[in-house]
Amino acid sequence: MFDNAVWAPIVASAIVIMLIVVLAFVLRKIAHQMITRLVHRTAAKSSIARRFRKGAATDSIDALLRERRKQRAETMGSVLKHVASIVILGTAVLTVLDRLTIPIAPLLTSVGILGVAIGFGAQELVKDFIAGMFMLLEDQYGVGDVVDVGAAVGTVETVTLRVTRLRDADGRVWYVRNGTITRVGNESQGWSRAYVDVPVAYDADIVSVRVLLEHLAEEVWADPELRESKIVEQPQVFGVEQLSDSSVVFRITAKTLPNEQAEVAREMRIRVKTALDDAGITMVAV
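The rules behind these values
Going along each chain's sequence as written, the residues are numbered from 1 onward. pLDDT decides what is reported in this predicted model: residues at 70 or higher carry local features, side-chain atom pairs at 80 or more are listed and counted, and totals for whole chains, interfaces and linings draw on all residues regardless. Hydrogens and water are ignored here; the side-chain numbers use all heavy atoms of the structure. Helix and strand definitions here come from DSSP, where helices need a minimum of 4 consecutive H or I residues and strands a minimum of 2 consecutive E residues; each element is numbered from the N-terminal end. Every helix has an expected span of 1.5 Å times one less than the residues it contains. Summary of the burial criterion: residues with accessible area below 20% of their type's maximum are buried, those above 50% are exposed, and those between are partly exposed, where the area comes from a 1.4 Å probe applied to protein chains only. Residues are treated as being in contact if the distance between any of their heavy atoms lies within 4.5 Å. Whenever two N or O atoms come within 3.5 Å, that pair is a polar contact, provided that in protein one can donate a hydrogen and the other can accept it, and provided that, for residues adjacent in sequence, both atoms are side-chain atoms. Any two strands with at least two DSSP-identified bridges between them are counted as paired. What the arc describes is the spread of directions from the helix axis to the C-beta atoms.

**Examining helix H5 (residues 206–222)**
For H5, with 17 residues, the first-to-last C-alpha span of 24 Å sits near the 24 Å given by 1.5 Å per residue. What H5 keeps buried is the set Val 209, Leu 212, Leu 213, Leu 216, Ala 217, Val 220 and Trp 221. Where the residues of H5 are buried, they touch strand S6 (192–201), helix H6 (224–227), strand S7 (236–243), strand S8 (247–256) and helix H7 (261–279). Near the N-terminus of H5, the side chain that reaches the backbone nitrogen of Val 207, with its oxygen 3.2 Å away, is that of Asp 205.

What follows is the structure in structure tokens.
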């Protein structure tokens, strides 16, 4: 026959331990589900960039923004899941050890010493992770952005907590550790600006040239193919930008969607050349 006085505490402890373990895994699953739901909700938010497009839809830009939000949300979700697992399961393990009357103070001391040792040995790795987390939280850049991180300039292809992968204009791939990035110049956030300098002869009629360029700016703004997909505001003629003994340089600028400034500038150069030829105005070398 079993001695109830001996076995009852053992069975009770076993049941409590099982309940602790089951509860820990249930809480972990619930936490992961909540984080997953939060990630999906964050990734599905509507794009704020539509206000720059006057109600028009640009599928490629929307797809890029969705991918950027999705990667950012999934990366942060992965970090939160790991943190939740460590906290919940770690607490469960310590509770079980305490229930088994195993002293946890020496264990905590050993873990603390081990953590300090690992921290000293992997401080560069920790620095990269912390920098990567703040970069994602602050949304400094994302996939598809053209950035200057000091060590390299190019288009972001992959963003992780440890490294950022860029591809420059020559096709070269750069792997930059996040902890080494001290500044970021992002050409793809909000809007960009295209500008075209128009040098004409010194003795050209300044008023006529300015009127011609302003009329051209109005035509560019009225073009639905540019206005709906590339240009944010009506181009502006800044007037005389440079003055020398042989030329007068006018400047036209246009606020564009991110990364569209080069194409808009090329289109404006073509139209400027055509307009000046039609008006009989000669461009000169600066």
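**Some words on the sheet that holds strand S4 (residues 173–177)**
Strand order in this open sheet of five strands is S4-S3-S2-S1-S5, and the pairing throughout is antiparallel. The two strands at the open ends of the sheet, each matched to only one other strand, are S4 and strand S5 (185–186). One ladder, built from three bridges, connects strand S1 (residues 146–148) with strand S2 (residues 153–159); its direction is antiparallel. Bridge pairing in S2 places Val 146 opposite Thr 155.

**Some thoughts on H7**
Taking 1.5 Å of rise per residue, 19 residues should cover 27 Å, and H7 covers 26 Å from first to last C-alpha, within 8% of that figure. Turning to H7, its buried residues number three or more, namely Gln 261, Val 264, Ala 265, Met 268, Arg 271, Val 272, Ala 275 and Leu 276. An end-on view of H7 places all buried positions within 130° of arc, on one side of the element. Every exposed residue of H7 that faces more than 90 degrees away from the buried side is listed here: Ile 270 and Asp 278. In this structure, the buried side of H7 is in contact with S6, H5, H6 and S8. Residue Gly 280 follows H7 closely and has a positive phi angle near 75°.

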